[in-house]
Amino acid sequence: KAGVTQTPRYLIKTRGQQVTLSCSPISGHRSVSWYQQTPGQGLQFLFEYFSETQRNKGNFPGRFSGRQFSNSRSEMNVSTLELGDSALYLCASTQGAITDTQYFGPGTRLTVL
Amino acid sequence: AQSVTQPDIHITVSEGASLELRCNYSYGATPYLFWYVQSPGQGLQLLLKYFSGDTLVQGIKGFEAEFKRSQSSFNLRKPSVHWSDAAEYFCAVARRGNNDMRFGAGTRLTVKP
């Protein structure tokens, strides 16, 4: 079974631009969660989507948004990029319950100049 | 609010020595508890998890962790460390019934030959 895939793996943007990151979960998984990882703040939960609905949300500004499609693939969008948005963005998928193991993708490294 | 503390930012052990990584959590009720490992440039891999029952949990790669309610701790142990165990280790908690996972700051493990 293929693992969680994230595209692109690396991205360079400038301040003020917007960016869209993609995550394809493991086949059969219906939940996708997004995390931001930075040296200063560590790993922080952004949001979780389950069956195309946002089920949980972390404490991030509205510039960070996401969506999930009917095939469970998920996208995350960040508008009006700031330097502080430079981070590794990880997504993880599960079948849906918290007791299920979360499988993480390799991440997208976003650099904002 | 739930939080996780990993007191040790960096630990160095010799190959073959035993290892214990500390994790303390703060939460009103017993949360779900997890340990993840992240190798450089990689996503996170689940080592083990605790939901209920036996407080000593066995995981992959020879790791185990013990849940101690009285100390609000979930320390990770391995009897004999291998050079390939060098990585960053994250403790995480999640509220029961909620996929909002909170991570500790991580402990970087260096293994000396």
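See the structure printed just above.
Residues numbered from 1 in each chain as written. Chains lettered and ligands numbered in written order. Predicted model: local features only at pLDDT ≥ 70, side-chain atom pairs only at ≥ 80, totals over all residues. Heavy atoms only, no water.

Considering the overall build of chain A
Logical step 1: The secondary structure content of chain A amounts to zero helices and 11 strands.
Logical step 2: Reading the helices (α) and strands (β) of chain A from amino to carboxyl end gives β-β-β-β-β-β-β-β-β-β-β.
Logical step 3: Taking 2.2 N^0.38 as the reference for a compact globule, 113 residues should give roughly 13 Å; the C-alpha atoms of chain A span a radius of gyration of 13 Å, in line with that estimate.
Logical step 4: Once the C-alpha set of chain A is aligned to its principal axes, its extents read approximately 35 × 25 × 25 Å.
Logical step 5: Taken across its 113 residues, chain A has 51% of its residues classed as buried.
Logical step 6: Within chain A, contacts between residues at least 6 apart in sequence are counted, and of these 54% link residues at least 24 apart.
Logical step 7: For chain A, the computed accessible surface area is about 5300 Å², with 48% contributed by carbon and sulfur atoms.
Logical step 8: Each charge class in chain A was averaged separately, 11 positive and 6 negative side chains, and the resulting centres sit 5 Å apart. (Helix = DSSP H or I, 4+ residues; strand = E, 2+ residues; numbered from the N terminus. Rg over C-alpha atoms; globule rule 2.2 N^0.38 Å. Buried < 20%, exposed > 50% of the residue type's maximum accessible area, 1.4 Å probe, protein only. Contact = heavy atoms within 4.5 Å. Areas by Shrake-Rupley, 256 points an atom, 1.4 Å probe, with all protein chains shown as cover. Lys, Arg positive; Asp, Glu negative; His and termini not counted. Charge placed at Lys NZ, Arg CZ, Asp CG, Glu CD.)

Quick look at the environment of Glu-48 of chain A
All names here are of chain A.
Logical step 1: Mapped onto the elements, Glu-48 comes out in strand E5 (residues 42-50).
Logical step 2: According to the relative accessible area criterion, Glu-48 is buried, its value standing at 0%.
Logical step 3: Remark: the alpha-carbon pair of Glu-48 and Thr-99, spanning 51 residues in sequence, is separated by 15 Å.
Logical step 4: A polar atom in the side chain of Glu-48 sits 2.7 Å from the side chain of Ser-31.
Logical step 5: For Glu-48, the side chain forms a polar contact with the side chain of Arg-55, separated by 2.6 Å. (Polar contact = N/O pair within 3.5 Å; in protein donor to acceptor, adjacent residues only side chain to side chain.)

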